[in-house]
Amino acid sequence: MATERNIIAGMKVWVEDSELAWVDGEVINVGNGHAAILTSKGSKLSIPFSKIHPRDVDTQPGGVDDMTKLSYLNEPSVLYNLASRYELNDIYTYTGNILIAVNPFTKLPHLYDVHMMEQYREAPFGQLNPHVFAVADASYRAMINEQLSQSILVSGESGAGKTETTKLIMQYLAYMGGRSVTDNRSVEQQVLESNPVLEAFGNAKTVRNDNSSRFGKFVEIQFDKNGKISGAAIRTYLLERSRVVQISDPERNYHCFYQLCASPEDVDIYKLGDPRVFHYLNQSNTYELDGVSNAEEYSKTRRAMDVVGINLEEQEAIFRILAAILHLGNIEFSPGREHDSSTLKDQTSAFHLQNAAELFMCDAKQLQDTLCTRIIMTREGNITKSLDPSSATINRDALAKTVLVDKINKSVGQDSDSRTLIGVLDIYGFESFKNNSFEQFCINLANEKLQQHFNQHVFKMEQEEYSKEEINWSYIEFIDNQDVLDLIERKPVGIISLLDEACMFPRSTHETFATKLFQSFKNHSRFKKPKLSLTDFTISHYAGEVTYQANLFLEKNRDYSIVEHHSLLSSSKCPFVAGLFPPSLEDTSKSSYKFSSVATRFKQQLQALMETLSLTEPHYIRCVKPNSGNRPGNFENLSVLHQLRCGGVLEAVRISCAGYPTRRTYDEFLDRFGLLAPKFVGTQNNEKAATEELLQRLNLSNYQLGKTKVFLRAGQMAEMDARRAEALNNAAKVIQRQFRTFIARKEFNRKRRAALKIQCYWRGWLARKLYKVMRREAASVIIQKYIRRWLSQKVYIHLRFAVNTIQAGIRAYFVRREYQLKRQTLAALKIQKNWRMWKARSYFLHLRVATISFQCAWRCRLARKELHRLKLAERETGALREAKNKLEKRCEELTWRLQLEKRLRADAEESKSLEIRKLQNALEEMQLESDAAKALALKEKEANLVLRNKLEVATNQSSALEESYVKIQDLTRENQSLKISVESLEKKVADTHRELVISQNETDERLRKVKEVESNIAQLQETVHRLEEKLSNLESENQVLRQQALVVSPTNGLTNHATPMILQTPEAQQVSQGSQHSMFDSSIDSQIIKVRSNSLSDTKLQSRFSIERQQENQRALVKCVIQDVGFSNDKPVAACIIYKCLLQWHAFEAEITPVFDHIIQTIGLIIEEKDDNDALSYWLSNTSTLIFLLQRNLKPSGVSTTPQRRYPGSVTLIGRMTQGFKSPSNHGSSGTGGTFGAHEGIQQVEAKYPAILFKQQVTTYLEKIYGILRENVKKDIGPLLSLCIQAPRMSRASMSKGSRSPNMIGATQQVLSSHWHSIIKILNSLLSKLRANHVPPLLVCKLFTQVFSFINVQLFNSLLLRRECCSFSNGEYIKSGLAELEQWICEASEQYAGTSWDELRYIRQAVGFLVIHQKAKKTLDEIMQDICPVLTVQQLYRISTMYWDDKYGTQSVSREVFASMKMMMTRSSQNASANTFLLDDDTSIPFSVDELTKGMSDVDLSDVETPPLLRDISAFHFLQENT
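Please read these numbers as outputs of a predicted model, since none were measured by experiment. The written sequence of each chain sets the order in which its residues are numbered from 1. Owing to the predicted nature of the model, reporting of local features is limited to residues with pLDDT of at least 70; listing and counting of side-chain atom pairs is limited to 80 or more, with chain, interface and lining totals taken over all residues. The basis for the side-chain values is all heavy atoms of the structure; hydrogens and waters are excluded.

Caption draft 1: Region of the structure containing the sheet that holds strand 5 (residues 53-54). Here a strand pair is declared whenever DSSP counts at least two bridges between the two strands. Secondary structure elements are taken from DSSP: a helix is a run of H or I of four residues or more, a strand is a run of E of two residues or more, and numbering for both begins at the N terminus. Taking strand neighbours across the sheet as the criterion, the five strands line up as 4-3-2-1-5 in an open arrangement whose pairing is antiparallel. Since the sheet does not close on itself, it has two edges, and those belong to strand 4 (44-48) and strand 5, each with one partner. Pairing of strand 1 (residues 12-17) with strand 2 (residues 21-31) involves six bridges; the strand directions are antiparallel. Bridge pairing in strand 2 links W14 to D24. Every residue pair with non-hydrogen atoms within 4.5 Å of one another is taken to be in contact. Axes, fitted as lines to C-alpha atoms, cover a helix only where it is in contact. Angles between the N-to-C directions of the axes lie from 0 to 180 degrees. Of the strands in this sheet, strand 1, strand 2 and strand 5 touch helix 1 (residues 75-87), which is tilted by about 135 degrees from strand 2.

Structure representation (C-alpha cells):
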C-alpha cells in the first residue's frame, strides 16, 4: 500500500476499477489523505492512499518471467504482468519456484515436442523461459541428486488446463525415466495411457468445462536407483458419485456412458441405444460435445485399457456394469397391493430389470426383491419390510452409485523396491458459485489443506532465501489458515463432526443442522450467518467468503452400505463383480443400512494425502483460466484475479510482503538508485558497501543486506522510487531551465542576426540604386561613341566596294583574252596527233593479217600428226574403264567378306584374325590397283596437255602465205573437226576420272564405317567389362553383409581383452584352441594342423615353423603400430607400413588370415586408452590414409579392373583397320614386385572376404574416431556457448565515471570477449593438432562445418529460450563474438573452414534483427526477405515477442507485423514440423568412403621411411627395398 510519504505528484500508480479490476493512472496532486488521479480511461478520481499501489514505469514491455523480479510485488503488478505475457503467447510465468500456467485455449505444439524437452533436460531452473518441463525437470533432478521423493501439485479451477498440464508432466517424466519395453508395454506407457481411462470414467461436462475432472488424482511415479521408471500408483479422491444418478442441464454424466452408447459393436450386446432413452442421461439436453466423437473416444478408451493392462474379460465386465447402471436408471416403481409396498411400473421397467440382472449375472427376482424390500434383523429373526415407490427409487439410485470400479492401480503395477517417487497431484481448485453445496464444501476443505501446505512451503522458501543470504528473519510473521481448518474438522465441535452427528439421527433436517452450526460458531471470526436465509452459512476461506446452502448436506454426506446390495452383487456369476463385493464375516447389525460419512472418509483420505505430501519435496503449478468463454487471446482481469486469489498466488504474495518482498542484486539496486548520490556511489569499489552507505544516506531502516542482494520492506521501494522520481524531477527542472535558457539565447541571437541582415539589405539597396544611375550615364556615352563609329564605317565601306568593282572588271577582260589564245593552240596540236596515229595503224593491220595466215597453215599440218596419236589414246581409255569395273567388283566382294566377317566374329576369334588378314591383303591389292588407275589417268591428262600445246604451236607457226589460202581454209576445217574429237576425248577422260573418284570415295566410306563399327564394338566391350566389375563388386558386398549377419566380428569383444594381444605365446594359443580364437591363431589353422598331424614329421615341423614365423612378424607389426611412429614426408607411417605388409604377405588374397583381426583389435584398444584430441587426430589421419589405399587398390574377387591401354593410331588405312579390329588385352600382372609409387603403377589386388570385412571395419573406426573427436570439441565448446549467449554484467564500480580509465576499459573489453577468445583458442588448438597430424583437408573441413553448425544451433536455441538474451546490448555482444569467429574462418582459409560461415546463418540473422534500429518501421516482407530470409515465421515471432531494448529503449515490430505473423502461423499450424522454432543438431557422418577417396591426394609409398623397430628384422627388409 502507498502512504502519503511516498506518493508525489506525477507518480504512476494503480487504482481499483470495477471493469478491469485495476487500471493505471497518474497522480495529479496530493492532499488530506487522498490523491487526485487521472486514469488511462480518462476519468479523474480521488482515491485514499490505502487503495493506491505504485506502478513501475521501468518494467519491460513484455513483462518479466519471474514475478519476484517485479519492483512492486502487488496484485495489479502480478495481474498485468500475466496479461502482457499472455498477449505474447508466453503462457508460463514463475513466482519464485511456483509456476503459473495460463490456458491458451489453442494448440501450441511447438512448446511440447521432443526438441523442447531436450532443451529443458538438465537445464538449471530459471535459466530458460518458464515452462512446465522446467518444473518437471527440477523435480526429477532433485530426486536423482538428493534421493528424496518429490511431488508436483497442479491446481486450478475447472477449465484451467490442470489435466493437460498433468499429461505434459507425465510425458516429460516418461521421457526422462523411460526404459526398455516389457510385455509389449512399458510402465511409462501405462502411466500415460491411464489418462484416457481416468478421463472416461471420472470426467464430465460442466457449466465451465467440457472435460471437467470430477475427482482428485494423485499419480505416484516410482523410480529405481538408476532414475528409470519402475512402477506407478494412481489414487483418486472424492469421486462425485451423485452425478451418476442426478445431473442438471446443460451438464452431462460421465463420458463413459455416452461412449458406450455410441459404440457400434457393443450397443447390441449390452442392449443399449440412443442415450436420450436412459433416465440417468436424459436429465440434460446435452448429449454431444463440440468436435468430439463418442465412438472414436470409446475406441481410444478401449486401446488405453489394453495398454494399461486391463484384460478383455475385465473390460467386458466393466462395460457390462456401466450398461447395467443405465438399465437400472430406467426401472420405475408404482404402489403395490399392500400398504407402503412397490412393484414394477410396466413391461418396460421389467425389460430393463431383466437386462440389468443379465448384465450383473444375478437372479432377476433377487434383484427386484433387493430394490423393493429391506430386511431388518432382530433377535427373533429377520423381518422383511416393503419399500414404497420413492424409497425403492432411492434404493435403486443407491445401488447405481455403489457399483463404481477402480482398476487402474492394480493394472499399472507398483514397485515395492522403489525408494524414490515423483507424485503428480491433479486436484480441483477452489470453487465459489452462486449455489454451493456439499461438493464445494469438500473441495474447498481440500484446497484449505493444500493452501496451508502451500503457505508452509512458501514460508520455507522464504526462510531458505534469507538463510542463503545470511540475513535476520526471526521476527517475520507467518500467515496461517489453521483457524479455518479447525472450524471445519476439529473434534468434537467442527462442522464435519456436527454434520456426522446430524446424519446419525434419522429425524435431523438441514434446518436443525444449520441451527446447530449457528449456535456453535456464532462468535467465530471465520463463520458468518447470512441475513436473508435460515439454512445458509458463510465461511471466510483464504480465497474469500463462500456461502453454502445446507439443504442437501445431510443427504450427500450419508453413504449407506446396504447389506442386500452386497449380498446380491457378491452372489454374481461374474468373478469381477463378485470380487468387488466380498462377503462380510461379521454382520450383527440390526439394520441392513450401515451409515458411512462421506465427509469423514474424505477427511481421512485428505489426511493421508497430506501425510504423503509431507514426505516429499513439493513443486507447485497454478493453472489459470483466462476467460469464461474458453476463447483464445481473451484475458479477463476480474476472472484471473479471482483465480489468483483462489489459487493462493496472492496469498504467497502476502507472505512475501510480510517479510522482505523487494530484493534486488547490488548492481541492479545501484543501477536504479545510484543517481540519488552519483558522486558518492561512483567512488566506491565495493557494491555492498556502496549500497549500505546509500541506504544510510537516505535514512532508511529495517532493511537487510545479504551476500548478493539487498532486501527491502514493503513500501520502502515506493519510498525510494518517490525520492528517485523527485531527484529525476529536480534533474528535469535543471535540464528544463538550461534548455529554456538555451532557447531564449537562441531566439535573441536569431533576432539580432535578422536585424543585421535587414540593415545589410537596406544599405545594399541604396548602393545598388546609386550604382544604377552611374551605370546609365556611362552607357549613354558608350552608345553615342558606337553610333558615330557606325556612320563613319558605313561611308568607308561604300567607297571601298566601288573601287573593287572597277578593278575586277578590268582584270577579267585581260584574262578572257589570254584564255582564247591558249584554246586555239591546243586544237591544232590534237588534229596533228590523230593524223599521224591513223597512218601508223593502217600499216600495222596489213602486216598482222599476213602473219596470221602463215601461222594457220603451219598449225594445220602439225594437228594432222597429233590426230593419229589421239585415236590411240581413245583405245587406251576403254582399258581404263574395264579396270574401274574390276575395282567395283573387288569393292563389292570386300564388302561381302567384311559383313561375313562380322557375323563370324562372335563364333571364333581365330577365324576372325584369318579373315582380317585376307581383307587386309585384298585391301592392299585394291589400293595398288587404285594407285595404278590414278597413274594411268594422270598419264592421259599429260598426253592431252601435250597435244593441246602442240596444236597451239602448230597454229602459231602456220604460214601466212596468201597463195595457199585455199589449203589454209581446208586445214582450218580439219582443225575444227580435230578440236571436236579432242573435246569428246577430254570429256570421256573426265567422266572416267570422275567415276574413279566416286568409286574411291565409296571405298573410303565403307572402310570408315567398318572402323566405326569396330570402335563401337570396342566401346561395348569396355562397357561390358565395367558392368561385370560393378556386378562383382555388388555380389562381394552382398556376400560380406550376409556373412557379417551370420559371423560375429572379432571387434565385438574389443573391450573384453584383459591383456594386449601381442603378449600371447604359441603354447597359450594351443591351449585356447578348444574354447575360442586367439590373437595369433585361428580355428582354420588349428584344423589344418590337426589334419596334417598324421602326415610326415618333417612336413609338420615345417608348417609349424612357418606359422610361428608369421606370428612373430605379426607381433612385430602390431608392436610397431602401437607406438607413435609419426609421419614421413607428410604421410602417416603406420598406415603405409600396414598396407605394405598386408600386400607383401598376400593377406588380401587369403581366404583365412588372423592378421586383420589383430590390427583391428590393436586400433580399438589404442582408441579406448587414448581419447585425447591429439591421439584421435593421429589415428584419424592413419585410418583415413589406410581407407584411401584399400579403396583404391582392392577389387572384389573375380572382377578384372585393370585399365585398358590405348595405342596411337596408325598413319595408313590398313594400319588403322588392323588396330580397330584388335581386342583390348591386359598388361602386367598383380604381384608384390611392383613399385610403390604413383597411382598408375600400382595394380589392383583381388580381395577376398576377410579383406573386404577389414576395409569395412577400418571404415567403422574412422567414423567412430571422427564422431569422438567431434563430440570432444562440442563438450569443450558447450559450456562456453552458454556464457557467450549473454553478455556478462560488469560491476557498477568498474563502470562508474571515476574508474573509466583506459586500462579499466581495456580490462572490461577483455572480460566481455574472454569467452569468445576461449572458443577461438579451442578451435586454433584443434586446427593445429589436425594439421600437425596431416589429417586430410576434407575431414577437417567437414569437422569444422559440423562444429560451427553446433555453435549455430546452441546459440540460436538459447536465444529463443531465454528472454534476457533477446536484448539490444546482448545482440551487439553476440555480433562482436560472431565477427571474431568470421575472422578466424578467414584466417583458417576455405580449405579447412569450408562453408562454416554459412552454418551460422540462423544466429547471424537473428542477431542482425536484434541490433537494427527502428524495428517498428519495418514491414513483414522487409524482415522476411531482406533481414531474416532464413528464419521461419515462428522464429521471428518468438524473437519479436521476447525482444527488449536495454540500451536505447526502442520497441519491437509494429502491431500490424505481429498480426500478420499470427495469421501466417495460424495457416501453417496444420503442419506439425512448421510449428517448432528450435533447430536440430546434426550428428550424422557427413562423408562417404568414395567422397573421402576422391578428396584425398595421391599417396606415394616409395618415400616412406621404415620405422627403426622394423629395420633390423629380416622379414621386413622388403620395406627398405621398395623405398
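Caption draft 2: Just the packing of helix 40 (residues 1314-1332) against helix 41 (residues 1337-1361), in detail. Where helix 40 contacts helix 41, the axes come no closer than 11 Å and their chain directions differ by 165 degrees. By the angle between their directions, the pair helix 40 and helix 41 is classed as roughly antiparallel. The hand of the helix 40/helix 41 crossing is right-handed. Across the interface between the two elements, W1316, L1323, L1326, L1327 and L1330 from helix 40 touch V1340, L1343, F1344, V1347, F1348 and L1355 from helix 41. When residue character is reported, Ala, Val, Leu, Ile, Met, Phe, Trp, Tyr, Cys and Pro are called nonpolar, Asp, Glu, Lys and Arg charged, and the others, Gly included, polar. In terms of residue class, the contact of helix 40 with helix 41 is built from eleven nonpolar, no polar and no charged. With respect to orientation, any angle under 35 degrees is reported as roughly parallel, any angle over 145 as roughly antiparallel, any angle of 65 to 115 as roughly perpendicular, and every other angle as oblique. Crossing handedness follows the turn of the near helix against the far one: under a right angle anticlockwise gives a left-handed crossing, and clockwise gives a right-handed one.

Caption draft 3: Molecular detail of empty space enclosed by the protein. A cavity here means a set of 1 Å grid points, computed over protein atoms only, where a 1.4 Å probe fits but cannot escape. A pocket is an open set with protein on both sides within 12 Å along at least 5 of 7 lines, and lining residues have an atom within 4 Å of a point. Grid points are joined across faces, edges and corners, and a volume is the space filled by probe spheres set on the points. Taken as a whole and judged by the stated rule, the model has nine cavities of 30 Å³ or more. By volume, the largest cavity is sized at about 190 Å³. Lining the largest cavity are 23 residues, with S155, G156, R622, C646 and G647 positioned closest to its centre. Within the residue set of the lining of the largest cavity, elements represented by two or more residues are strand 8 (150-155), helix 14 (438-469), strand 23 (617-624) and helix 22 (637-646).

Caption draft 4: Just the environment of T509, in detail. Position of T509 among the secondary structure elements: in the loop between helix 16 (495-504) and helix 17 (510-520). Remark: the alpha-carbon pair of T509 and A550, spanning 41 residues in sequence, is separated by 9.5 Å.

Caption draft 5: Molecular detail of the pattern of salt bridges. Put simply, a salt bridge is a Lys or Arg side-chain nitrogen that is within 4 Å of an Asp or Glu carboxyl oxygen. Tallying each qualifying case throughout the model produces 33 salt bridges. Here D24 ties to R55 by a salt bridge, and the two come within 3.9 Å at their closest N and O atoms. Here the residue D24 occupies a position in strand 2, and R55 occupies one in the loop between strand 5 and helix 1, the gap between them amounting to 31 residues. Buried, partly exposed and exposed residues are distinguished by accessible area as a fraction of the type maximum, computed with a 1.4 Å probe on protein chains only: under 20%, between the cut-offs, and over 50%, respectively. The class of R55 is partly exposed, set by a relative accessible area of 22%. Ionic pairing is found between R302 and E316, a salt bridge with its closest N-O pair at 3.3 Å. Taken together, the residues R302 in helix 8 (residues 294-308) and E316 in helix 9 (residues 312-329) connect sequence positions 14 residues apart. Salt bridges sharing partners connect three or more residues here, namely R1270, E1271, K1274 and D1481.

Caption draft 6: Looking closely at the environment of I1187. Mapping I1187 onto the fold places it in helix 35 (residues 1173-1193). In this structure I1187 comes out as buried when scored by relative accessible area, which is 0%. Counting along the chain gives 70 residues from I1187 to Q1257, while the straight-line C-alpha distance between them is 10.0 Å. Ignoring sequence-local partners within four residues, the contact set of I1187 consists of K1255, V1258, T1259, L1262, V1489 and L1492.

Caption draft 7: Region of interest: the sheet that holds strand 26 (residues 709-712). One open sheet holds the three strands; their spatial order is 24-26-25, and the pairing between them is antiparallel. What marks the edges here is a single partner per strand, and that holds for strand 24 (662-665) and strand 25 (704-705). Here strand 24 pairs with strand 26 via four bridges, running antiparallel. Bridge assignment links T665 to a residue of strand 26, and that residue is K709. Seen against the sheet, helix 24 (residues 666-673) touches strand 24, strand 25 and strand 26 and runs at an angle of roughly 100 degrees to strand 24.

Caption draft 8: Structural detail: the pairing of strand 20 (residues 544-549). Of the pairings in the sheet, the one linking strand 19 (residues 536-541) to strand 20 comprises six bridges and is antiparallel in character. Bridge pairing in strand 20 links T538 to T547. With antiparallel pairing between neighbouring strands as the criterion, strand 19 and strand 20 make up a hairpin whose turn holds two residues.

Caption draft 9: How the structure looks around the nonpolar core. F1148 and L1381 are the most contacted members of the largest nonpolar core, which has 184 residues in total. By residue number, the principal contributor to this core is helix 41, which donates 15 residues. Each residue touching L1381, except ones within four places of it in the same chain, is listed here: W1316, I1319, I1320, L1323, F1348, I1351 and L1400. Membership of the second largest hydrophobic core comes to 58 residues, among which are M305, I318, A364 and V403. The set of buried Ala, Val, Leu, Ile, Met, Phe, Trp, Tyr and Cys residues whose side-chain atoms join them within 4.5 Å is what this entry labels a nonpolar core.

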